[in-house]
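The lines below spell out each chain.
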Amino acid sequence: MPPHNHYRNAEYLLNVAALKQLPVDEGREVAFAGRSNAGKSSAINVITDIKGLARTSKTPGRTQHIVYFALDETRRLVDLPGYGYAKVPEAVKRHWQGMLQRYLETRESLAGLVLIMDVRHPLTDHDRTMLEWCTRAQMPVHILLTKADKLNRGPGGNVLQKVQRELAANYPNASAQLFSALKRSGLDEVRRVLDGWLGFNDGEDADKKEPRAP
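Overview of the structure.

About the thresholds
Residues numbered from 1 in each chain as written. Predicted model: local features only at pLDDT ≥ 70, side-chain atom pairs only at ≥ 80, totals over all residues. Heavy atoms only, no water. Helix = DSSP H or I, 4+ residues; strand = E, 2+ residues; numbered from the N terminus. Pairing = 2+ DSSP bridges. Axes fitted to C-alpha atoms, helices over the stretch in contact; angles between N-to-C directions. Phe/Tyr/Trp six-rings, centres within 6.5 Å; stacked < 30°, edge-to-face > 60°. Buried < 20%, exposed > 50% of the residue type's maximum accessible area, 1.4 Å probe, protein only. Lys NZ or Arg CZ within 6 Å of the ring centre and 35° of its normal.

### Quick look at unusual backbone geometry
The general pattern is negative phi for most residues beyond glycine and trans for most peptide bonds. Located in the positive-phi region is Leu123, a residue other than glycine, with phi close to 55°. Residue position: Leu123 is located in the loop between β5 (110–118) and α3 (125–136). One non-glycine residue, Arg184, lies in the positive phi region at around 60°.

Next comes the structure, spelled out in structure tokens:
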């Protein structure tokens with residue numbers, strides 16, 4: 001099988017509105033999170049090479065479900081609700097912030113988080129909150145600085161270096177890269193990270209993931 005073809009096997013599994021509706025907590029899953037309009041759905045669609053797998057909402061912040069995609073019987077991709085959109089009611093924001101925090105800190109099968117940031121507006125207060133939750137949960141994070149095609153190579157590289165310096169200083173469990181869904185650039189790098197988290201690198205069984213430390 002050509003490398004990374006397993007992501008083309010992604011199929012919609014279910015969406016949930018409460019943690020009690022989550023699938024059985026076994027195997028491995030990787031979640032995608034990010035500020036509304038940062039390009040999360042586009043990133044998932046390009047990574048899986050399936051157009052329209054993750055639906056993009058015309059109204060940012062409207063999607064308020066956790067959406068699951070199955071890669072095989074034991075591996076999943078998870079699309080978390082976008083955050084940080086001003087027009088979402090405050091009560092809804094608080095509900096989903098609490099739910100996301102509990103998910104990140106308690107989900108045993110969660111092997112890593114892909115955090116989506118617009119390269120022109122990285123490390124917002126909401127992004128840092130996510131990084132802090134993941135640090136407490138000992139959760140590895142890989143940041144996609146999306147829409148990299150909007151910047152020339154020099155400025156884009158400067159943003160990446162600045163982000164990497166802050167991660168090294170404050171969030172050592174996180175890494176970062178430039179990514180463009182439009183140009184399909186950065187695909188190999190993020191797929192390599194996903195391969196490691198999901199146990200594709202060495203044929204490892206997904207259900208043998210070591211649990212995170214409490």
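Read on, since the account is not over.
### A short note on the sheet that holds β5
Spatially, β1-β3-β4-β2-β5-β6-β7 is the arrangement adopted by the seven strands of the open sheet, whose pairing is mixed. What marks the edges here is a single partner per strand, and that holds for β1 (11–16) and β7 (174–178). Neighbouring strand axes in the sheet, compared pairwise and without regard to direction, differ in orientation by 25° on average. By the bridge criterion, six bridges tie β5 to strand β6 (residues 141–146) in an arrangement that is parallel. Bridge assignment links Met117 to a residue of β6, and that residue is Leu145.

### Details of the packing of aromatic side chains
All told, the structure shown has one aromatic pair when counted by the stated rule. Ring centres 5.8 Å apart and planes at 80° place the aromatic pair Tyr7 and Phe200 in the edge-to-face group. Separated by 193 residues along the polypeptide, Tyr7 in the segment before β1 and Phe200 in the segment after α5 (187–198) bring together distant segments of the chain. Pair check on accessibility: Tyr7 and Phe200 agree, each one buried. Arg75 extends its terminal NZ or CZ atom over the ring of Phe200, reaching a point 4.3 Å from the ring centre.

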